[in-house]
Amino acid sequence: MQTPDLPYKLRRLDDLNARTPGLPVCYFPPLEQLTSLVDGEPPVIGPAWSLPARDEVIPTVRTIGFRKGAGTNGSMPPILHAKLALLGRLWEHDEDDFGPADVTAFNPKRLWIGSANFTASSRRSLEFGFWTEDPVLLRGAEEFLLDLIGSSEGIDPDADEHMPERALPDYDDPAMAEAAADLRFADLDDD
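Residues numbered from 1 in each chain as written. Predicted model: local features only at pLDDT ≥ 70, side-chain atom pairs only at ≥ 80, totals over all residues. Heavy atoms only, no water.

Describing the overall build of the protein chain
Thinking step 1. What the protein chain contains, in helices and strands, is four helices and nine strands.
Thinking step 2. Reading the helices (α) and strands (β) of the protein chain from amino to carboxyl end gives α-β-α-β-β-β-β-β-β-α-β-β-α.
Thinking step 3. Across the 191 residues of the protein chain, 25% fall into the buried class.
Thinking step 4. At a minimum sequence separation of 6, the contacts of the protein chain that also span at least 24 residues come to 65%. (Helix = DSSP H or I, 4+ residues; strand = E, 2+ residues; numbered from the N terminus. Buried < 20%, exposed > 50% of the residue type's maximum accessible area, 1.4 Å probe, protein only. Contact = heavy atoms within 4.5 Å.)

The following block contains the structure:
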């Protein structure tokens, strides 16, 4: 029996993404700051820009680092080799320290760190892993995983180079300064 090819496996993962809820961005402020790329570039944010909807979701399965060959610049991206599972609680509240507000957050509770990659062949290997509730490790793992998610890309069976879909935006500083000055002078005129 022949093993299915990589594009076939990726298409199955893409189908899985269509059937699963994904990761709500509103629970993770570092992901909320990222914006979708426009023609492969981060958008330029100026005074007229508005925040994206809070219901944005990142698909359940993402990819990072693995490619069939070297990218256009000849380098190979690193392959993610970490085996982590971070469990926690998503929570919501209708007020914050300043009054009514939609508050969402994630509280990490347990972290799995191990060598097993959860494939059929790993069942024949000697593997090691452990659970921890150490707060420092939980925070570090959450930061690491959010960085990975921010650098990840969707499932594309035909892609040959790493192209993240989200990035920190660029800011139109001169336009923002001009808008701030206009507001300041408008306030002075009102006095």
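Structural notes on the pairing of strand β5 (residues 84-96)
Thinking step 1. The pairing of β5 with strand β6 (residues 99-114) spans twelve bridges and is classified as antiparallel. Looking at the pairing, Leu 86 lines up with Leu 111 of β6.
Thinking step 2. Between β5 and β6, which pair antiparallel one after the other, the connecting turn spans two residues. (Pairing = 2+ DSSP bridges.)

What to know about the nonpolar core
Generally speaking, nonpolar side chains in soluble globular proteins are found buried as a group.
Thinking step 1. Within the largest apolar cluster, 13 residues are counted, with the highest numbers of intra-cluster contacts made by Phe 28, Leu 31, Leu 86 and Leu 111.
Thinking step 2. Within the residue set of this core, elements represented by two or more residues are β6 and α3 (135-151).
Thinking step 3. Broken down by element, the residue count for this core peaks at three residues, all from α3.
Thinking step 4. Excluding residues that lie within four positions of it along the chain, Leu 111 makes contacts with Leu 84, Ala 85, Leu 86, Phe 130, Trp 131, Thr 132, Leu 137, Leu 138 and Ala 141. (Core = buried A, V, L, I, M, F, W, Y, C linked by side-chain atoms within 4.5 Å.)

Considering the packing of aromatic side chains
Thinking step 1. Counted under the stated rule, the structure contains three aromatic pairs.
Thinking step 2. Taking the centre distance of 5.2 Å and the plane angle of 40 degrees together, the rings of Phe 28 and Phe 106 count as tilted. With a gap of 78 residues between them, Phe 28 in the loop between β1 (23-24) and α2 (29-32) and Phe 106 in strand β6 connect regions that are remote in the sequence.
Thinking step 3. Classification of Phe 106 by relative accessible area gives buried; the value is 15%. (Phe/Tyr/Trp six-rings, centres within 6.5 Å; stacked < 30°, edge-to-face > 60°.)

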